[in-house]
Amino acid sequence: MKQLITLTFFLLTFTGFAQKPCEYSANVSDSIGTYKITNEYLISEKNFGGNSSYVFFSLAQTDGLPTLNLQLIQKSKDFIKANCFDKNSRVFLQLQNGKVVTLMHINQENCGTLIHDSGIDNRVNTGIFMFMKDNYEELKKSPVTMMRIKYLTDTEDYIVKSELKSEMNSKVYNPDTYFIQNIRCVE
């Protein structure tokens, strides 16, 4: 009887720590190549004084090359300043172990799209960032504590929380372990 209880406990513990399967919004292979991208994941949410800002990550793999897709969505009744991505834009990720991982933007300028909707302005900006070979492995080992986004003319810092309950959809996210949980999906 003791063995049965021990075995049951072991199996329940093992399944509890198993990684969840990768979920993709696109997974295509054809004669041109392969492309897969994970679902978008909320990394940061700011709501203050009628202004809202959301940062989403998704990981993509194009013909074996992993990239980070960063989407910034801003909503406001006031004018929204454009933060543009260019070839010099970067995403810096401060890890809990003290290391900093740098991701480089692809060579494509993008200032996003401004959408007017019932007196509210919405700006959507997407950037594609490449991992650097020398620090890619660090993202698998240590949680992210801070993120800095360097735009064409501005820099913005974000504290990356271990748990984020979204006001937008009431879901709970764990942005600090995003890479630990998902980078395997694009390897």
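Now for a description of the structure that goes with this document. (Residues numbered from 1 in each chain as written. Predicted model: local features only at pLDDT ≥ 70, side-chain atom pairs only at ≥ 80, totals over all residues. Heavy atoms only, no water.)

### Topic: the state of the cysteines
Item 1. Within the structure shown, the criterion is met by two disulfides.
Item 2. Residue pairing for C22: its cysteine sulfur links by disulfide to C185, the two sulfurs lying 2.0 Å apart. Measuring the twist about the S-S bond at about -90°, one finds the C22-C185 disulfide to be left-handed. A residue pair is termed long-range when its members are at least 10 positions apart, and C22 in the loop between helix 1 (2-17) and strand 1 (24-29) and C185 in the segment after helix 3 (178-182) qualify at 163 residues.
Item 3. For C185, a relative accessible area of 2% gives the class buried.
Item 4. Between C84 and C111 runs a disulfide, and the two sulfur atoms are separated by 1.9 Å. Looking along the S-S bond of the C84-C111 disulfide, the torsion reads about 110°, which is the right-handed sense. (Disulfide = S-S within 2.5 Å. Helix = DSSP H or I, 4+ residues; strand = E, 2+ residues; numbered from the N terminus. Buried < 20%, exposed > 50% of the residue type's maximum accessible area, 1.4 Å probe, protein only.)

### Focus on the pairing of strand 7 (residues 100-105)
Item 1. Here strand 6 (residues 90-95) pairs with strand 7 via five bridges, running antiparallel. The residue of strand 7 that forms the bridge with R90 is M104.
Item 2. Where strand 6 hands over to strand 7, the hairpin turn is made up of four residues, of which G98 adopts a positive phi near 95°.
Item 3. Pairing geometry for strand 7 and strand 9 (residues 120-131), over three bridges, is antiparallel. Looking across to strand 9, one finds that H105 is bridged to F129. (Pairing = 2+ DSSP bridges.)

### Observations regarding the environment of I115
Item 1. With respect to the secondary-structure elements, I115 resides in strand 8 (residues 113-117).
Item 2. Judged by its relative accessible area of 40%, I115 is partly exposed.
Item 3. Between the C-alpha atom of I115 and that of K75, which follows or precedes it by 40 residues, the distance is 9.5 Å.
Item 4. With residues up to four places along the chain from it excluded, the contact list for I115 reads I120, D121, N122 and V124. (Contact = heavy atoms within 4.5 Å.)

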